[in-house]
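# Coordinate analysis (summary)
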Amino acid sequence: VMRREVGEDVGDISISIEDSDSIRQFDLRRSEGGEASITVVEDDDAPKKFNTPDGGVYRYAGVETEGIEPGQILSANITFEVNSSWVESNGGQGSLSIIRNQGDGWENLNGTVESQDGAVFVSAEVNEFSWFAVKSDSPASSGSLIPEVSLPSISIAFGLADLMTAGLLAII
């Protein structure tokens, strides 16, 4: 849990979270200052609280605020850092998006995906705070991470005489 409190005169809020497994950066620009607090919660058990979204989910994180009204938000941006091996095994960068929980389902947010120094960052503008997640829209990500393997089948037919000759048929 990361909590940041700001004073009365602060309109812009920026939080960098270096030791996070999900949200790496949170930026908020508001129309007026005032005392406020922002709490970022990481919770991999979030699916137990909400409907599970389609596709594969990397991490869930909640953003809670106090003292910030929706009408005060001029802009807000959330950035997740995603493990590059997870990205590759779940459809690549083109399949990634940030989603926001709306209570009765998940909303896909328009965002950007960037690679930097071997890490993958997914960012999106947000206009409300809630639970967020990075997900993959790849069909491979919705199931098991173990690939399906098709083995060739072989049909072998023997006649009764062939089995008797080979001594494989015993008559009782």
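Keep in mind that this is a model prediction, so the values were computed, not measured.

### Topic: the environment of K135
Topologically, K135 is positioned in strand β11 (residues 131–136). When its relative accessible area of 10% is taken as the criterion, K135 is described as buried. Separated by 48 residues in the primary sequence, K135 and V87 have C-alpha atoms spaced 9.6 Å apart. Excluding anything up to four places from it in sequence, K135 contacts D54, G56, V57, W86, S95, L96, S97, I99 and N108. Here D54 takes part through its backbone oxygen, which lies 2.9 Å from a polar atom of the side chain of K135. Here D137 takes part through its side chain, which lies 2.9 Å from a polar atom of the side chain of K135.

### Points about the side chain of R24
Mapping R24 onto the fold places it in strand β3 (residues 23–30). A polar side-chain atom of R24 sits 2.5 Å from a polar atom in the side chain of E81.

### As for the pairing of β3
Among the eight residues that make up β3, six are buried, leaving the element largely enclosed by the rest of the structure. Note that strand β2 (residues 12–16) and β3 share five bridges and pair antiparallel. Along β3, the bridge assignment pairs I15 with F26. Looking at chain direction, β3 and strand β6 (residues 73–82) are connected through seven bridges and run antiparallel. Residue pairing for β6: R30 is matched across the bridge by I73.

### Describing the environment of F80
Considering the arrangement of structural elements, one finds F80 in strand β6. Along the primary structure F80 and A124 are separated by 44 residues, whereas in three dimensions their C-alpha atoms are 9.1 Å apart.

### Brief notes about the pairing of β6
One ladder, built from six bridges, connects β6 with strand β10 (residues 119–125); its direction is antiparallel. Across the sheet, residue F80 finds its bridge partner in β10, namely V122.

### Some points on unusual backbone geometry
Negative phi values dominate among residues other than glycine, just as trans dominates among peptide bonds. The backbone of D117 shows a phi angle near 55°, a positive value even though the residue is not glycine. On the accessibility criterion, D117 (82% relative accessible area) is exposed.

### Let's talk about the nonpolar core
Ranked by size, the top nonpolar core spans 30 residues in total, and within it L28, V63, F80, I98 and F129 carry the most contacts. Take this core: its biggest share by element is five residues, from β6. The residues touching L28, leaving out its near neighbours within four places in the chain, are G11, D12, I13, I38, I68, I73, S75, A76 and F129. Of all hydrophobic cores here, the second largest spans six residues; its members include Y60, I99, W106 and A133.

Rules of the game
- Residues take numbers from 1 onward in each chain, read along the sequence in its written order.
- Confidence filtering applies because this is a predicted model: local features only for residues at pLDDT of at least 70, side-chain atom pairs given and counted only at 80 or more, and all residues used for totals across whole chains, interfaces and linings.
- Derived side-chain values reflect all non-hydrogen atoms in the structure, with water molecules and hydrogen atoms excluded from consideration.
- In DSSP terms, a helix is any run of H or I states spanning at least four residues, a strand is any run of E spanning at least two, and both are numbered starting from the N terminus.
- When a residue's accessible area, from a 1.4 Å probe over protein chains only, is under 20% of the maximum for its type it is buried; when over 50% it is exposed; and in between it is partly exposed.
- By the convention used here, residues are in contact when the closest approach between their heavy atoms is within 4.5 Å.
- In protein, a polar contact requires one atom able to donate a hydrogen and another able to accept it; more generally it is a pair of N or O atoms within 3.5 Å, and residues adjacent in sequence count only if both atoms are side-chain atoms.
- If DSSP finds at least two bridges between two strands, the strands pair.
- Only buried residues count toward a nonpolar core. Its members are Ala, Val, Leu, Ile, Met, Phe, Trp, Tyr and Cys residues joined through side-chain atoms within 4.5 Å.

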